[in-house]
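Summary of structural features
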Amino acid sequence: MYRTVKRALDIVISLSLLLVLWLPMLIIAVLVRIDSPGKAIFAQTRVGKDGKEFTMHKFRTMYQGEQRVTRVGTLLRGFADELPQLWDVLRGEMSLVGPRPVLPGEPMPLGEFTPEQRKMFSVRPGITGWAQVTGFRGETKELCQMEGRVEADIWYMEHWSFLLDLFIIYKTFANVVKGEKEAY
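Let me sum up the structure you'll find in this document.

The rules we used
Counting starts from 1 at the beginning of each chain's written sequence and moves along it residue by residue. Selection of residues for local features in this predicted model requires a pLDDT of at least 70, selection of side-chain atom pairs for listing and counting requires 80 or more, and totals for whole chains, interfaces and linings are taken over all residues. Side-chain numbers here rest on the full set of heavy atoms in the structure, without hydrogens or water. Put simply, DSSP marks the helices as runs of H or I at least four residues long and the strands as runs of E at least two long, and each gets a number from the N terminus on. Computation of the radius of gyration draws on C-alpha atoms, with the globule rule given as 2.2 Å multiplied by the number of residues to the power 0.38. Burial status follows relative accessibility: with a 1.4 Å probe on protein chains alone, a residue under 20% of its type maximum counts as buried, one over 50% as exposed, and anything between as partly exposed. Throughout, a contact is declared for two residues whenever any of their heavy atoms are within 4.5 Å. Using a 1.4 Å probe, accessible areas were evaluated by the Shrake-Rupley method; residue-level cover was limited to the displayed protein chains. Here the positive residues are Lys and Arg and the negative ones are Asp and Glu; neither His nor the chain ends is included. Taken as the charge centre is NZ of Lys, CZ of Arg, CG of Asp or CD of Glu, depending on the residue. For patch detection, residues must exceed 30% relative accessible area and be free of salt bridges, and they are connected within 9 Å for like charges or within 5 Å for nonpolar side chains (Val, Leu, Ile, Met, Phe, Trp, Tyr). Basic side-chain nitrogens of Lys or Arg form a salt bridge, by our definition, when they fall within 4 Å of a carboxyl oxygen of Asp or Glu. Identification of polar contacts relies on pairs of N or O atoms within 3.5 Å, with a donor-acceptor requirement for protein atoms, meaning one able to donate a hydrogen and the other able to accept it, and with residues adjacent in sequence counted only if both atoms are side-chain atoms. Under the pairing criterion, centres of Phe, Tyr and Trp rings, with the six-membered ring standing for Trp, must be within 6.5 Å; the plane angle then separates stacked pairs below 30 degrees from edge-to-face pairs above 60, leaving the rest tilted. Note on geometry: axes are C-alpha line fits, over the in-contact stretch for helices, and angles between N-to-C directions span 0 to 180 degrees. By the definition used in this description, the sense in which the near helix is turned from the far one sets the handedness, with an anticlockwise turn below a right angle giving left-handed and a clockwise turn giving right-handed.

1. Quick look at the overall build of the protein chain
Along the protein chain, the regular secondary structure elements total seven helices and four strands. Reading the protein chain from its N terminus to its C terminus gives the helix and strand order α-β-β-α-α-β-α-β-α-α-α. Taken over the C-alpha trace, the protein chain has a radius of gyration of 16 Å; the compact-globule value for 184 residues is 16 Å, and the two agree within 12%. The principal-axis extent of the C-alpha atoms belonging to the protein chain is close to 45 × 35 × 30 Å. Burial status across the protein chain gives 43% buried among its 184 residues. Put simply, of all contacts in the protein chain between residues at least 6 apart along the chain, 67% involve residues at least 24 apart. Entry remark: accessible area of the protein chain is about 10,100 Å², with carbon and sulfur atoms responsible for 62%. Here the protein chain holds 24 positive side-chain charges and 21 negative ones, and the gap between their average locations is 6 Å.

2. Structural notes on a nonpolar patch on the surface
On the surface, Trp22, Leu23, Leu26, Ile27, Val30, Leu31 and Ile34 cluster together into a nonpolar patch covering about 700 Å² of accessible area. By secondary structure assignment, the location of leucine 26 is in helix α1 (residues 2-35).

3. Some words on the side chain of threonine 61
With respect to the helices and strands, threonine 61 occurs in the loop between β2 (53-59) and α2 (71-76). Residue threonine 61 is classed as buried on the basis of its relative accessible area, which comes to 7%. One polar contact links threonine 61 to arginine 77, side chain to side chain, over a distance of 3.0 Å. Setting aside residues up to four positions removed in sequence, threonine 61 forms contacts with Arg68, Val69, Thr70, Gly73, Leu76, Arg77 and Asp81.

4. A short note on the packing of aromatic side chains
Under the counting rule described, the total for this entry stands at three aromatic pairs. On the numbers, 6.4 Å between centres and 40 degrees between planes, the contact of tryptophan 130 with phenylalanine 167 is tilted. Of this pair, tryptophan 130 sits in helix α5 (residues 130-133) while phenylalanine 167 sits in helix α7 (residues 162-178); the two residues are 37 residues apart in sequence, bridging distant segments of the chain.

5. Some words on the packing of α1 against α7
α7 packs onto α1 with a crossing angle of 35 degrees between their chain directions and a minimal axis gap of 10 Å. The handedness of the crossing between α1 and α7 is right-handed. Contact residues: α1 offers Val5, Lys6, Leu9 and Ile13, while α7 offers Phe162, Asp165, Leu166 and Ile169.

6. A look at the pattern of salt bridges
Across all of its chains, the model carries 10 salt bridges by this definition. A salt bridge links arginine 68 to glutamate 66; the nearest nitrogen and oxygen atoms lie 2.7 Å apart. Assessed through its relative accessible area of 47%, arginine 68 is described here as partly exposed. Look at the salt bridges and you will find they share partners, linking Lys58, Asp81, Glu82 and Arg100 into a network.

So yeah, pure geometry; function would need other evidence.
This is the structure in structure tokens:
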């Protein structure tokens, strides 16, 4: 029942948002291409459900081959660069809410996660999640940051409900509107 309700929520919301946002997303893609040469969509391998790798999509916010953020990328980061992940949700690779997908081998190989930590790979990764709205977002440069994120993700999975997902989606939008840098 859990997976059916969650998947139905993912399909209805992601499809609705894609239908409403198709024109703004097209405009963003054009602006990304005008701002700097290269593809508008950045694709990256991530670890998802059952530890399987998948390709996650975002609007490109950096110059290709450089570690510098573009002008358009500066505007997109934090609220619009992840909109292409709605396609990943619709395809079934991701969920709206869940643990953020990690890069392969970051901060450690999958096999080095404890059995408790590996629980986060039993569900589809999310565009947002409990960890993100409670301050554990962004790059994990230290192991303690990843441990805090994993603990929050495990708490979410143990307490999941339809209302909790709606609350996390609400908190995500509220944090974006407020400009919260540490929690979205």
